[in-house]
Structure formats: C-alpha cells, structure tokens
Amino acid sequence: KSKINLLDTPGFNIFINDTKAALAAADSSVVLVDGVSGVEVQTEKVWSFAAEITLPRALVINKLDRENSSFERALDSIHENFGRAAVPLQLPVGSEREFRGVIDLVRMKCFLYEAGGAGRGKEQPIPDDLAEPARKAHEALVEMVAEGNDDLLEEFFEKGTLPPERVVEGLRAAIRDMRLFPVLCASGLNNIGTDLIL
C-alpha cells in the first residue's frame, strides 16, 4: 500500500515563496497551465524552481471547458517555453463548453465525463473525428518514449510500435530521468480528467 501526499500550492505571485518551499519537500510536481492563457509568468517561475532542484514534472492543461480555451494553443505555448520534451499523454474530446472527455494516448482509450459529476470517466470508443489525430499522437508518443531507451528503441524498430505496458515502463523511466514531461487535459471546475491525472 502506498500513501501519496499532495501539496497544493497557490498560483498567486505573493505566495511564490510558499510554492518554492513546497517543491523542495516534493518528489515530483504537476504544473498547471491555463487552457485560455497558456504559459504565464507564474508557470515559468514554478517550472524554473522545479528545474533548479531537478524535480520530475508533469503538466496539466486545465480550464479546457472555458470560452476561448484551446488545447493546441496551450500546447504550443508549453513547447515554446519548455521545449518538445513536453509530450501529450492525452487529447481532449470536445472544446470549450463541449469539452467532455479525454483520450488516453498510451492505451488508446476514450473516457467521457458528466460535467460536474463524480469525476469518473466512462470508457467509450474513440470518436471517429478524433481517431486519426489520436493515432498520430500515439505514434509520436511511442517514438519519444522509445528514443531514450536502447531496449525499447530496438523493439520499436522491430515491431513498429510498443504495447501499452512497455510504453508505461518507458514513460516511468523517462519522467523520472526528466527526458519527458507528460501533458494531460482537465477541467477542475467540471471534474473532467481528474481521475486519470491521479
């Protein structure tokens, strides 16, 4: 049995020293990125604090249910500020008010949520209009996971892909070694994607 402690730090500038202190006590960090604004000054500060102490990081693009939110624009902002090692593990299903779920790119499964519901996604087939983008994103993810691991790279070249359990194994090592920073999707307000983040 494992016990996980979550240290929730405020995003406001006046609390930035509290955030820095909390990071020093953590084993890894989850950095929130606003789905409307993208990477902001506070996001950059938190990222640099975590980098200073070599803390593994994941990113969550939140507020994807908001008007003018855009997963693609937020992801571009992440790449511009933090590099291409930030790789999506999920794609959103729907946008703005129609944001209703996520596609898990590791297992190629779709989870749909009831807005403001219990926060447990129901597995559904990947929508037809997202099948091709999901396939491409899955291939890019598998390739990036394999790149830093000779065994996985050999298997990838041999088979052209990797099974989900091998991707998870490679991801775990890549995240720990800070070669990859996973990007996830969520709406905190509507409790969408939180179960998968946890």
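Now for a description of the structure that goes with this document.

Procedures and definitions
- Each residue is numbered by its place in its chain's sequence as written, counting from 1.
- Side-chain atom pairs in this predicted model are given and counted only at pLDDT of 80 or more, local residue features only at pLDDT of at least 70, and totals for whole chains, interfaces and linings cover all residues.
- The basis for every side-chain value is the complete set of heavy atoms in the structure, and neither hydrogens nor water enter the calculation.
- Accessible area is worked out with a 1.4 Å probe on protein chains only. A residue is then buried under 20% of its type maximum, exposed over 50%, and partly exposed in between.
- Going along the chain from the N terminus, every DSSP run of H or I of four or more residues is numbered as a helix, and every run of E of two or more is numbered as a strand.
- By the convention used here, strands pair only if DSSP detects at least 2 bridges between them.
- Looking down the strands as they point away from you, a crossover is right-handed if its path from the first strand over the helix to the second goes clockwise.
- Remark: nonpolar core denotes a set of buried residues (Ala, Val, Leu, Ile, Met, Phe, Trp, Tyr, Cys) joined through side-chain atoms within 4.5 Å.
- Contacts are assigned to residue pairs with any non-hydrogen atoms lying within 4.5 Å of each other.
- Pairing of aromatic rings covers Phe, Tyr and Trp, the last through its six-membered ring, and needs centres within 6.5 Å; plane angles under 30 degrees mean stacked, over 60 mean edge-to-face, and all others mean tilted.
- To obtain each axis, a line is fitted to C-alpha atoms, and for helices this fit is confined to the stretch in contact; angles are then taken between N-to-C directions over 0 to 180 degrees.
- Our angle categories are set so that under 35 degrees counts as roughly parallel, over 145 as roughly antiparallel, 65 to 115 as roughly perpendicular, and the remainder as oblique.
- Should the near helix be turned anticlockwise from the far one by less than a right angle, the crossing is left-handed, and should it be turned clockwise, the crossing is right-handed.

1. So, the pairing of strand β2 (residues 57-62)
Right, so step 1: Among the 6 residues of β2, 6 are classified as buried, and the element is accordingly described as predominantly covered.
Right, so step 2: The alternating pattern of β2 places Arg 57, Leu 59 and Ile 61 and Ala 58, Val 60 and Asn 62 on opposite faces, both of which are buried.
Right, so step 3: In this sheet, β2 lies alongside strand β1 (residues 29-34) in parallel orientation, the contact comprising 6 bridges. When the sheet's bridge partners are listed, Ser 29 is paired in β2 with Arg 57.
Right, so step 4: Traced from β1 through helix α2 (residues 41-52) to β2, the parallel crossover comes out right-handed.
Right, so step 5: For β2 and strand β8 (residues 181-185), the ladder comprises 3 bridges, and the chain directions are parallel. Its bridge partner being in β8, Ile 61 is matched across the sheet by Cys 185.

2. A look at the nonpolar core
Right, so step 1: Ranked by internal contacts, the top residues of the largest apolar core, which has 52 residues, are Leu 59 and Ile 78.
Right, so step 2: Those residues within four positions of Leu 59 in sequence are excluded, and the remaining contacts are Val 31, Val 33, Trp 47, Ile 78, Phe 82, Ala 86, Phe 181, Pro 182, Val 183 and Leu 184.

3. Focus on unusual backbone geometry
In terms of backbone geometry, most residues other than glycine have negative phi values and most peptide bonds are trans.
Right, so step 1: Here Lys 63, not a glycine, exhibits a phi torsion of approximately 60°, which is positive.
Right, so step 2: By secondary structure assignment, the location of Lys 63 is in the loop between β2 and α3 (71-82).
Right, so step 3: Using a relative accessible area of 29% as the deciding quantity, one classes Lys 63 as partly exposed.
Right, so step 4: Unusually for a residue other than glycine, Asn 68 sits at a positive phi of about 70°.
Right, so step 5: Relative to the elements of secondary structure, Asn 68 occurs in the loop between β2 and α3.

4. Quick look at the packing of aromatic side chains
Right, so step 1: Scanning the entire structure with this criterion turns up 3 aromatic pairs.
Right, so step 2: On the basis of an interplanar angle of 15° and a centroid distance of 4.1 Å, the ring pair of Trp 47 and Phe 82 is categorised as stacked. Here Trp 47, found in helix α2, pairs with Phe 82, found in helix α3; they are 35 residues apart in sequence, far enough to count as distant. For the pair Trp 47 and Phe 82, one class covers both residues: buried.
Right, so step 3: Between Trp 47 and Phe 181, the aromatic rings sit 5.0 Å apart at their centres with planes inclined by 65°, giving edge-to-face as the arrangement. Placement of Trp 47 in helix α2 and of Phe 181 in strand β8 is noted, with a sequence separation of 134 residues between them. Here the two residues Trp 47 and Phe 181 agree in accessibility, since each one is buried.
Right, so step 4: Through pairs of rings, three or more aromatic residues link up here, namely Trp 47, Phe 82 and Phe 181.

5. Section: the packing of helix α4 (residues 128-147) against helix α6 (residues 164-176)
Right, so step 1: In contact at an axis separation of 9 Å, α4 and α6 are set at 55° when each is read in the N-to-C sense. It follows from the interaxial angle that α4 and α6 lie oblique. Crossing angle aside, the handedness with which α4 passes α6 is left-handed. Here Leu 141, Val 142 and Val 145 of α4 lie close against α6, whose contacting residues are Val 167, Gly 170 and Leu 171.

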